[in-house]
Amino acid sequence: MKSLLNVDADAKSGVKEVAGEILAIRGGRPLTGRVEVKGAKNLVTKAMVAALLGETASTLRDVPDISDVQVVRSLLEVHGVRVEDGEEEGTLHLDPSGAVAAHFEEIDAHAGASRIPILFCGPLLHLLGEALIPDLGGCRIGDRPINFHMDALRAFGAVVDKSYEGIRITAPNGLHGANIELPYPSVGATEQVLLTAVRAKGTTELRGAAIEPEIMDLIAVLQKMGAIISYEPNRVILIEGVESLRGYDHRAIFDRNEAASWACAALATDGDIFVGGAKQQEMLTFLNVFRKAGGWFDVREDGIQFRRDGALKPVTVETDVHPGFMTDWQQPLIVALTQAEGRSVVHETVYENRLGFTQALNQMGADIVVHPHGIDAPDRRVARRALEQAAVINGPTPLHGADVVVPDLRGGYSYVIAALAAEGESVVRNIGIIRRGYEKFLTKLETLGADFDVVG
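Throughout, residues of each chain are indexed from 1 in the direction in which the sequence is written. Per-residue local features are limited, in this predicted model, to residues with pLDDT of at least 70; the limit for side-chain atom pairs, both in listing and counting, is 80 or more; totals at the level of whole chains, interfaces and linings are taken over all residues. Note that the side-chain values use all heavy atoms of the structure and ignore hydrogens as well as water.

Q: Outline the overall build of the chain, supporting the account with residue identities and numerical values.
A: Going along the chain from the N terminus, every DSSP run of H or I of four or more residues is numbered as a helix, and every run of E of two or more is numbered as a strand. Helices and strands together make up the secondary structure of the chain, namely 13 helices and 26 strands. We compute the radius of gyration from the C-alpha atoms alone; for a globule the expected value is 2.2 Å times N to the 0.38, where N is the number of residues. The C-alpha radius of gyration of the chain comes to 22 Å, within 12% of the 23 Å expected for a compact globule of 456 residues. In terms of its C-alpha atoms, the chain occupies a principal-axis envelope of roughly 65 × 55 × 45 Å. Summary of the burial criterion: residues with accessible area below 20% of their type's maximum are buried, those above 50% are exposed, and those between are partly exposed, where the area comes from a 1.4 Å probe applied to protein chains only. Relative to its full complement of 456 residues, the chain shows a buried share of 58%.

Structure below.
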């Protein structure tokens, strides 16, 4: 790896991590070696917010060095929370004792395109009686409405006022328990209810809850703090509000999205990658599809090894909420499926715009047809949704280099892997988005033998 930019050395490995935005990638080389995954982005950022609820300091371990974590850290500091790095790498100490209100402008300046400010609402209402939310961003993968969040907060007794600056939420009479039923098991809305209900007066019953492993880990964090939360059958969560909570000491669950991404990279490039820190239980659904597609894996005590097991095979996949096949997994998998011998189908039922990234793959030589209204099939297991799309991937098709622009986090990772699997040189632009969810991304690529330059 060569760079035209300034770089910082990784003290332990000696490998240099670059902060550029454009990669020139020379493909056709298998990725081989070992990478480590830390705590899940989708848990770590929420556990950091949960620290606001404690009357004492919290310690969070296995925190990845990614931009989304930096955004939450900045937002906490704007609200007066003292955030310090621990002696152990990936450890944060969070002390909310000096928490104060912040202005719209401050929140907006630090949040950028992140949607995390909305999850500050419950803790800030309990702590300060007011929460402010600027316009929300996030990856452009479809309409991600905040009405689930607002409806839940109103059910707790919050007052929601909209203005040209954003949304101001207050609780003039405090927050009380509520009976809430989500029309769809939204992860964000479930997190909102949990973070609000734990200190609301009375009992909250949440129906239609998301039950992702990261949600269960957040519940574990809150229970350590003194919350009383029980999970019942059929996506029902009961939360008995308590008057006060203390800080926590918690090691975050591993990032199964990053682990699956590297597994797909091994599949796409015909490589052999050991993902340290990956665990089987949280990846059961992914591992089944990986094996059906012609992948081989070996579960060990300290991680999982991934590689091909002969020719890749076509598969049919339906994305769904947990315990189904995660929507975040389908994008890197589709790259690998371009090399499968036959017709694969991916039904995307969670977000309506998450297949737009396939246009660039077609530019690189793939044969992918997107059906904007989905496809009916007699063997469908996931209920059809009005927003769903489907991608039909015909393979194998040789991939060749192209000039592409990263659209979102998982799509961006997929473009890089496609470029590494392709013959010739590709230019991948806007790679800064990838740092939202992948720690030391370029360092890991170099460790695995990728051939690339940072050119801008």
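Q: Describe the sheet that holds strand 7 (residues 82-85), with residues and values.
A: The strands making up a sheet associate through backbone hydrogen bonding, with each pair oriented either parallel or antiparallel. Each pair of strands is called paired provided DSSP finds at least two bridges between the two strands. Strand order across the open sheet formed by four strands is 7-8-6-16, with mixed pairing between neighbours. One side of each edge strand has no neighbouring strand; the edge strands of this open sheet are strand 7 and strand 16 (249-251). Along the sheet, successive strands turn relative to each other by an average axial angle of 15°, direction set aside. Two elements, strand 7 and strand 8 (residues 92-95), share four bridges in a ladder whose sense is antiparallel. Each residue of the ladder has a partner; that of E84, found in strand 8, is H93. Across the sheet, helix 2 (residues 67-78) touches strand 7 and strand 8, and the angle it forms with strand 7 is around 140°. Axis angles are defined between N-to-C directions and span 0 to 180 degrees, where every axis is a line fitted to C-alpha atoms and, for a helix, only to the segment in contact. Only heavy atoms enter the contact rule, under which two residues are in contact if any of them lie within 4.5 Å.

Q: Tell me about the sheet that holds strand 12 (residues 179-181), residues and numbers included.
A: On the basis of which strands lie adjacent, the open sheet formed by four strands has the order 12-13-15-14 and mixed pairing. Since the sheet does not close on itself, it has two edges, and those belong to strand 12 and strand 14 (228-232), each with one partner. The mean inter-strand angle of the sheet, taken between neighbouring strand axes irrespective of direction, is 15°. As judged from the five bridges shared by strand 13 (residues 203-207) and strand 15 (residues 236-240), these two strands associate in the antiparallel manner.

Q: Just give me the short version of the UniProt feature "binding site: phosphoenolpyruvate" (unreviewed entry) in the chain, but keep the residues and values in it.
A: UniProt positions are given in the numbering used here, feature names are shortened, and annotations may be inferred rather than shown by experiment. On the UniProt side, "binding site: phosphoenolpyruvate" (unreviewed entry) is annotated at positions that read K41 and N42 here. Inspection of the secondary structure puts K41 in helix 1 (residues 41-50). Classification of K41 by relative accessible area gives buried; the value is 9%. If near-sequence neighbours (up to four positions away) are discounted, K41 is found in contact with I66, D68, D255, L409, R410, R436 and G437. Tracing the backbone shows N42 in helix 1. Assessed through its relative accessible area of 23%, N42 is described here as partly exposed. Sequence-distant contacts of N42, defined by excluding residues within four places in its chain, comprise E191, E214 and N257. N or O atoms within 3.5 Å of each other form a polar contact, as long as, within protein, one can give a hydrogen and the other can take it, and as long as residues adjacent in sequence are counted only when both atoms are side-chain atoms. There is a polar contact of 3.3 Å between the side chain of N42 and the side chain of K41.

Q: Can you lay out the UniProt feature "binding site: UDP-N-acetyl-alpha-D-glucosamine" (unreviewed entry) in the chain for me, pointing to particular residues and giving the numbers?
A: Mapped onto the present numbering, the UniProt feature "binding site: UDP-N-acetyl-alpha-D-glucosamine" (unreviewed entry) falls on R115, D328 and V350. Summarising the element assignment, R115 is placed in the loop between helix 3 (104-111) and helix 4 (121-128). In this structure, D328 sits in helix 10 (residues 327-337). Given a relative accessible area of 13%, D328 falls into the buried group. Apart from residues no more than four positions distant in its own chain, D328 is found in contact with N257, R354 and R410.

Q: Can you explain the packing of aromatic side chains? Please cite residues and give values.
A: Note on aromatic contacts: the rings of Phe and Tyr and the six-membered ring of Trp form a pair at centre separations within 6.5 Å, being stacked when their planes are under 30 degrees apart, edge-to-face when over 60 apart, and tilted otherwise. Counting across every chain of the model gives 12 aromatic pairs. Relative to F441, the ring of W262 lies with its centre 6.0 Å away and its plane at 35°, an arrangement referred to as tilted. Taken together, the residues W262 in helix 8 (residues 256-269) and F441 in helix 13 (residues 441-447) connect sequence positions 179 residues apart. A single burial state applies to W262 and to F441, both of which are buried. A network of ring pairs unites the aromatic residues F286, F290, F297, F306, F325 and W329 as a single cluster. We call a charge positioned above a ring when the Lys NZ or Arg CZ atom is no farther than 6 Å from the ring centre and deviates by at most 35 degrees from the ring normal. The positively charged end of R307 is found above the aromatic ring belonging to W296, 3.9 Å away from the centroid. Here the guanidinium or amino end of R385 rests over the ring plane of Y184, the centre of that ring lying 3.8 Å away.

Q: Before we move on, can you summarise the nonpolar core with the specific residues and values?
A: Membership of the largest hydrophobic core comes to 154 residues, with the highest contact counts inside it found for I169, L222, W262, M283, F286, F306 and L361. For this core, the element with the highest residue contribution is helix 8, accounting for nine residues. Once you skip the residues sitting within four places of it in the chain, F286 turns out to touch A260, A263, C264, F306, F325 and W329. In these notes, a set of buried Ala, Val, Leu, Ile, Met, Phe, Trp, Tyr and Cys residues joined through side-chain atoms within 4.5 Å is what counts as a nonpolar core.

Q: For the environment of I393, give the residues involved together with the corresponding values.
A: Tracing the sequence through the fold places I393 in strand 23 (residues 389-395). Sequence-wise, I393 and G276 are 117 residues apart; in three dimensions their C-alpha atoms are separated by 30 Å. If sequence neighbours within four positions are ignored, I393 has contacts with I334, L337, T338, G342, R343, S344, V346, D367 and I368.

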